[in-house]
Amino acid sequence: MSNNQKGSFAAKLDNFFGITKAGSTIKTEVIAGVTTFMTMCYILMVNAGMFGDPFGTGDQVLGVSYGAIYIATGIAAIVGTVLMGLLSKLPFAQASGMGLNAFFVYTVCVTTGLSYAAALVVVLISGIVFLTLTIFGVREKIFKAIPRSVRIAIPAGIGLFIAFIGLQNAGIVVNDDSTLVNLVSMNFLKDGNQWGTVMPVLVTFFTFILIAVLSQKKVKGSILWGMLIGTAMYYILGASVQGFYDGYAYLGEADHWNPINAFKDFGTQAVGQVFVKGFTDLAGQEVLMIITSILAFAMVDMFDTIGTLYGACSKGGMLDENGNVPKMKQAMLADSIATCTGAILGTSTVTTYVESSAGVAEGGRTGFTSMVVAALFLIALFISPVAELIPGATTAAALMYVGVLMLSGVKEIDWSSPEEAVPAFLTLAIMPFTYNISYGIALGLISHCFIKLFQGKIKDIHPVTVVIAALFIAMFFLTH
């Protein structure tokens, strides 16, 4: 290719994405894309581990393998990120949302009892709801109708929920018949307590602290680097555990290192299951439970996306003259379509990643940044055998650290005002304590309505909030 042709292609890219107009360069956009990918690609391993082995016991509770979800997660991220880049031309990336994936696995599937395929139908319907609300411009109005304190508390509550899952999966928090939960014994000299049990716990703590240190030092991709270093430590220490490598016998099998196997699992276990078994499995389930689950998926995704877009655009100086996100509707469309596509592919709700702000901080200003992220996810699809070597001890540490990040918003809640603090507290506390995100949202909204009602501030209660709270009340009394 001649220099003129190269220049012509670069000029077309510049013109299509408005790179120069946005005050950026192709080189800057590429660096921003690499940065965003490094900060969020942990989702490939974490999501695959959560679906493929929810409790770290080696059991495929949902009937779907690590490899199948790894591919589903990667393709969903590619689709969502490309849509974001082409439709909104904003430098944001999408993937299966943290919190929403936990809600899917631990609440909708494990606690409620829906099959993997049936739960995908719930996600698909929520995606269609997103799409409809976005087309008619209602989505942002509903977002503003939810009480501010509950809106802020939802991601924080999800953060605690995710962290709690990480602590359990790492074996740090264990069952206790007297107090329900307790800290695992780390005394490996104790009778019946083995170094092989304590070692993974120590690796989790080490990885968690390492991620924190790397983040404090502003290392790009700190979660990923922490997981990789923690994995190395896990295998080094594992050499001292009798029989440790017996569980990794497949390391010497050539077939294991074939990435096509993950694609095969994806084709038979994940993609299209929403249509193959989903609607059949969902038939006969409680309607109110389904509706409230859809509401929970919808609201969490709504808060994630709108909050991320406003926050990142504000920090990057990308808001328009009226203080709004440019091409917000197109960004919402990308999010909605990606969620529907993700359900068909076999993964939970796809949402805009707050880690995209790392790319914005590196100077990413256009959709070309998104295209770079999508290209890197495409490459990552073919390293699933390597990714599968990441142990649960380090993915648990990643979950715990994501929980820390999601708690940052609580400082914006007015804790001195009971009418704001109580709904926020219930939203925060109920999610991890009941292992259910929708219960936290429900009690937050219900308490808000009653506190306002008993104060005679009926006009302060938005009609949309009343309707949603009423649906949750009906769910508690008629289905729970």
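Rules and cut-offs
- Residues numbered from 1 in each chain as written.
- Predicted model: local features only at pLDDT ≥ 70, side-chain atom pairs only at ≥ 80, totals over all residues.
- Heavy atoms only, no water.
- Helix = DSSP H or I, 4+ residues; strand = E, 2+ residues; numbered from the N terminus.
- Buried < 20%, exposed > 50% of the residue type's maximum accessible area, 1.4 Å probe, protein only.
- Contact = heavy atoms within 4.5 Å.
- Expected span 1.5 Å × (residues − 1).
- Salt bridge = Lys/Arg side-chain N within 4 Å of Asp/Glu carboxyl O.
- Axes fitted to C-alpha atoms, helices over the stretch in contact; angles between N-to-C directions.
- Parallel < 35°, antiparallel > 145°, perpendicular 65-115°, else oblique.
- Left-handed = near helix turned anticlockwise from the far one by under 90°.
- Nonpolar A, V, L, I, M, F, W, Y, C, P; charged D, E, K, R; others polar.
- Pairing = 2+ DSSP bridges.
- Patch = residues over 30% accessible without salt bridge, like charges linked within 9 Å, V, L, I, M, F, W, Y side chains within 5 Å.
- Areas by Shrake-Rupley, 256 points an atom, 1.4 Å probe, with all protein chains shown as cover.

J.: How would you summarise the overall build of the chain if you had to cite specific residues and measurements?
T.: Helices and strands together make up the secondary structure of the chain, namely 21 helices and four strands. Taken over the C-alpha atoms alone, the chain extends approximately 70 × 65 × 45 Å along its principal axes. Evaluated residue by residue, the chain yields a buried proportion of 54% over its 480 residues. Of all intrachain contacts in the chain linking residues separated by at least 6 positions in sequence, the fraction that spans at least 24 positions is 78%.

J.: Give a detailed account of helix H16 (residues 367–380), specifying residues and quantitative values.
T.: If you check H16, its first and last C-alpha atoms are 20 Å apart, about what 14 residues at 1.5 Å a residue would give, namely 20 Å. Taken together, the buried positions of H16 are Gly367, Phe368, Thr369, Ser370, Val372, Val373, Ala374, Phe377 and Ala380.

J.: Which residues make up the pattern of salt bridges, and what values go with them?
T.: Throughout the structure, instances matching the rule amount to five salt bridges. Taking the shortest distance from any N to any O, the salt bridge between lysine 220 and glutamate 362 comes out at 3.1 Å. Placement of the pair is lysine 220 in the loop between helix H9 (195–216) and helix H10 (222–238) and glutamate 362 in the loop between helix H15 (356–361) and H16, with a sequence separation of 142 residues. Among the residues examined, glutamate 362 registers a relative accessible area of 31% and is labelled partly exposed. We note a salt bridge from lysine 452 to aspartate 460, for which the minimum N-O separation is 3.8 Å. With relative accessibility at 11%, the residue lysine 452 sits in the buried group. Residues participating in the shared-partner salt-bridge network are Glu419, Lys452, Lys457 and Asp460.

J.: Hey, could you go over helix H4 (residues 66–88) for me, with residue numbers and the actual values?
T.: Here H4 contains 23 residues, and its C-alpha end-to-end distance of 32 Å stays within 8% of the 33 Å for a straight helix at 1.5 Å per residue. Counting buried positions along H4 yields 18 of 23 residues, so the element is predominantly enclosed. Taken from the residues just after H4, lysine 89 is the one with a positive phi, measuring 55°.

J.: Just give me the short version of the packing of helix H5 (residues 100–111) against helix H6 (residues 116–135), but keep the residues and values in it.
T.: For any two helices packed against each other, the geometry comes down to the angle between their axes and how far apart the axes lie. Running from N to C, H5 and H6 point in directions that differ by 115°, and their axes come no closer than 10 Å. The pairing of H5 with H6 is recorded here as roughly perpendicular in orientation. The handedness of the crossing between H5 and H6 comes out as right-handed. Facing Phe104, Val108 and Cys109 of H5, the residues of H6 in contact are Tyr116, Ala119, Leu120 and Val123. Split by residue class, the contact of H5 with H6 holds seven nonpolar, no polar and no charged.

J.: Could you give an account of the pairing of strand E2 (residues 173–176), naming the residues involved and the relevant values?
T.: Inspection of the sheet shows E2 paired to strand E3 (residues 180–183) by four bridges, in the antiparallel sense. By the bridge assignment, asparagine 175 is partnered in E3 with valine 181. Here E2 hands over to E3 after three residues, the two strands then running antiparallel side by side.

J.: Describe the environment of valine 198, naming the residues involved and giving the relevant values.
T.: The topology assignment puts valine 198 in helix H9. Residue class for valine 198 comes out buried when judged on its relative accessible area of 2%. Each C-alpha atom of the pair valine 198 and serine 185 lies 7.9 Å from the other, and the pair is 13 residues apart in sequence.

J.: A description of a nonpolar patch on the surface should follow, citing residues and the corresponding values.
T.: Nonpolar side chains collect at one region of the surface, where Phe206, Val219, Trp225, Leu228 and Ile229 lie side by side and expose about 400 Å² of accessible area between them. In this structure, phenylalanine 206 sits in helix H9.

Just distances and angles here, no functional claims.
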